[in-house]
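# Residue-level structure breakdown
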Amino acid sequence: MKKIVITEFMDLPAVESLKQKFNVVYDPTLVDDAARLVALVQDCDALVVRNRTQVRGELLAACRKATVIGRLGVGLDNIDVPACEARGMKVIPATGANALAVAEYVIGTAMVLLRGVYQASAEVTAGAWPRAALSSGREISGKTLGLIGFGGIGRLTARLAQGLGMQVIAHDPMLKRDDAVWAQTGVKSATLEELLAQADAVSLHVPLTPETKSLLSSERIAKMKKGAIVINTARGGITDEAAICAAIKTGALGGAAFDVFEPEPLKAGNPWVGCPNVILTPHVAGVTAEANERVSTLIAAEVAKALGV
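Let me begin by describing the structure that accompanies this report.

Thresholds, definitions, all that
Residues numbered from 1 in each chain as written. Predicted model: local features only at pLDDT ≥ 70, side-chain atom pairs only at ≥ 80, totals over all residues. Heavy atoms only, no water. Helix = DSSP H or I, 4+ residues; strand = E, 2+ residues; numbered from the N terminus. Rg over C-alpha atoms; globule rule 2.2 N^0.38 Å. Buried < 20%, exposed > 50% of the residue type's maximum accessible area, 1.4 Å probe, protein only. Contact = heavy atoms within 4.5 Å. Areas by Shrake-Rupley, 256 points an atom, 1.4 Å probe, with all protein chains shown as cover. Lys, Arg positive; Asp, Glu negative; His and termini not counted. Charge placed at Lys NZ, Arg CZ, Asp CG, Glu CD. Phe/Tyr/Trp six-rings, centres within 6.5 Å; stacked < 30°, edge-to-face > 60°. Lys NZ or Arg CZ within 6 Å of the ring centre and 35° of its normal. Axes fitted to C-alpha atoms, helices over the stretch in contact; angles between N-to-C directions. Parallel < 35°, antiparallel > 145°, perpendicular 65-115°, else oblique. Left-handed = near helix turned anticlockwise from the far one by under 90°. Nonpolar A, V, L, I, M, F, W, Y, C, P; charged D, E, K, R; others polar. Pairing = 2+ DSSP bridges. Salt bridge = Lys/Arg side-chain N within 4 Å of Asp/Glu carboxyl O.

This part takes up the overall build of the protein. Helix and strand counts for the protein stand at twelve helices and twelve strands. Here the protein has a C-alpha radius of gyration of 21 Å; the compact-globule value for 309 residues is 19 Å, and the two agree. The C-alpha extent of the protein, read off along each of the three principal axes, is 65 × 55 × 35 Å. Residues classed as buried in the protein amount to 50% of the 309 residues present. Once local pairs closer than 6 in sequence are excluded, the contacts in the protein between residues at least 24 apart make up 59%. Summed over its atoms, the accessible surface of the protein is roughly 14,600 Å², and 56% of this surface lies on carbon and sulfur atoms. Taking the 32 positively charged and 31 negatively charged side chains of the protein as two groups, their mean positions are separated by 2 Å.

Once that is clear, we can look at the packing of aromatic side chains. Counting across every chain of the model gives four aromatic pairs. Between phenylalanine 150 and tryptophan 182 the ring centres are 5.1 Å apart and the planes differ by 5°, which places this aromatic pair in the stacked class. Residue phenylalanine 150 is located in the loop between strand E6 (144-148) and helix H7 (152-163), and its partner tryptophan 182 is located in helix H8 (residues 180-185); the two are separated by 32 residues in the primary sequence. Between the aromatic rings of phenylalanine 261 and tryptophan 272, the centroid separation amounts to 6.2 Å while the plane-to-plane angle is 85°, which identifies the pairing as edge-to-face. Here tryptophan 272 lies in the loop between strand E11 (253-258) and strand E12 (278-280) and phenylalanine 261 lies in the loop between E11 and E12, a separation of eleven residues in the sequence. Each member of the pair phenylalanine 261 and tryptophan 272 is classed as buried. Joined through ring pairs, the aromatic side chains of Phe258, Phe261 and Trp272 make up one cluster. Directly above the aromatic system of phenylalanine 9 lies the positively charged group of arginine 50, at a separation of 3.7 Å from the ring centroid.

Closest axis-to-axis distance for the helix H5 (residues 99-115)/H7 pair is 9 Å, and the angle between their directions is 50°. Judged by the inter-axis angle, H5 sits oblique to H7. For the pair H5 and H7, the sense of crossing is right-handed. Within the contact between the two elements, H5 uses Ala99, Leu100, Val102, Ala103, Glu104, Val106 and Ile107 and H7 uses Ile153, Leu156, Thr157, Leu160 and Ala161. Across the contact of H5 with H7, the residue classes break down as ten nonpolar, one polar and one charged.

Below, the discussion takes up the sheet that holds E11. Read from one edge to the other, the open sheet built from seven strands follows the order E8-E7-E6-E9-E10-E11-E12, with strand pairing classed as parallel. The open sheet is flanked by strand E8 (188-189) and E12, the only strands paired with a single partner. The pairing of strand E7 (residues 167-171) with E8 spans two bridges and is parallel. Along E8, the bridge assignment pairs alanine 170 with serine 189. Sheet strands touched by H5: strand E9 (201-204), strand E10 (228-232), E11 and E12. Its angle to E10, the strand with the most contacts, is close to 150°. Each of E6 and E7 touches H7; the most contacted strand, E6, lies at about 175° to it.

On to the side chain of arginine 71, then. With respect to the element layout, arginine 71 can be found in strand E4 (residues 68-71). This buried residue, arginine 71, is left without a salt bridge; aspartate 77 holds the nearest opposite charge, at 5.8 Å.

On to the sheet that holds E4, then. One open sheet holds the five strands; their spatial order is E2-E1-E3-E4-E5, and the pairing between them is parallel. For this open sheet the edge positions go to strand E2 (23-26) and strand E5 (90-93), each flanked by a neighbour on one side alone. Geometrically, the sheet is characterised by an average inter-axis angle of 15° between neighbouring strands, direction not taken into account. Of the strands in this sheet, strand E1 (3-6) and E2 touch helix H1 (residues 12-19), which is tilted by about 150° from E2. Where helix H12 (residues 289-306) meets the sheet, it contacts E1, strand E3 (46-49), E4 and E5, and its direction lies at approximately 160° from that of E5.

Where charged atoms from two side chains of opposite charge come close, those side chains can pair. The tally for this structure, following the rule as stated, stands at nine salt bridges. For aspartate 32, the salt bridge goes to arginine 52, with nearest N and O atoms at 2.5 Å. You can see aspartate 32 sitting in the loop between E2 and helix H2 (34-40) and its partner arginine 52 sitting in the loop between E3 and helix H3 (57-62), a full 20 residues away along the chain. You can call aspartate 32 exposed: its relative accessible area is 54%. For aspartate 45, the salt bridge is made with lysine 65, and the minimal N-O distance between the two is 3.7 Å. Of this pair, aspartate 45 sits in the loop between H2 and E3 while lysine 65 sits in the loop between H3 and E4, and the two are 20 residues apart along the sequence. Residue class for aspartate 45 comes out buried when judged on its relative accessible area of 9%.

Spelled out as structure tokens, the structure:
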């Protein structure tokens with residue numbers, strides 16, 4: 001019976017479906033036990049990971065028999081894809097399965113940050129009544145959403161935003177200005193400079209590559225529309241987090257929602273400490289009960305198929 005090692009949390013019904021056909025080692029704590037993980041993958045046929053397991057170096061070398069790497073998510077920066085392919089391993093991401101969860105996170109945090117009234121519970125329960133101070137929040141309708149990256153998640157985010165009355169512009173160097181997708185979606189193609197100057201909310205939807213490293217630099221942040229908000233559900237390292245925080249503290253930016261950081265988890269004394277009007281979450285934008293079920297079911301099926309079962 002072929003062996004599958006799963007190193008991080010996976011929807012249990014999907015795990016059980018794999019156990020009916022394979023010898024499955026499922027332990028969500030394996031990601032934090034390097035020695036045991038290296039020992040377990042020596043004879044595995046497939047390895048299933050999320051974003052924390054680093055499939056490279058010693059771990060990859062230990063996968064002597066494996067032919068499949070299943071990724072419970074879409075980003076592949078924790079997997080040395082060229083090295084896997086050179087070893088004849090098939091890398092399978094859960095493309096599209098968590099797109100709705102990420103898109104809803106973007107829209108939800110944009111509404112919270114623009115309105116700016118949802119962090120007053122402690123004051124109100126204490127008997128304060130900061131009505132005047134909280135009466136200048138902004139509505140999302142009529143605002144411009146700028147999407148950096150216009151793949152599947154970006155396009156779904158655009159559709160949700162348009163449903164709320166937002167204007168949507170996007171920058172994606174992989175798409176030509178006359179690509180049919182612009183007319184099909186009603187989204188305007190823009191240069192990065194145009195997008196930063198016009199957008200009330202900027203949302204990142206690009207992978208972390210040498211080309212996108214520090215894409216939202218301090219110089220580019222300085223060119224953003226005053227009071228704009230930044231939402232990053234893509235990858236840490238794409239933005240200059242210290243520059244984002246500095247711009248929020250001076251009032252140049254209106255706030256930020258970050259689900260990804262560099263490094264993860266954040267270290268003591270990180271630039272976010274004391275930064276107002278921010279929403280910080282631990283890399284869970286794409287993880288909901290429904291998304292986890294879709295992602296897990298898809299990867300279970302695709303890994304089984306790749307193993308010929």
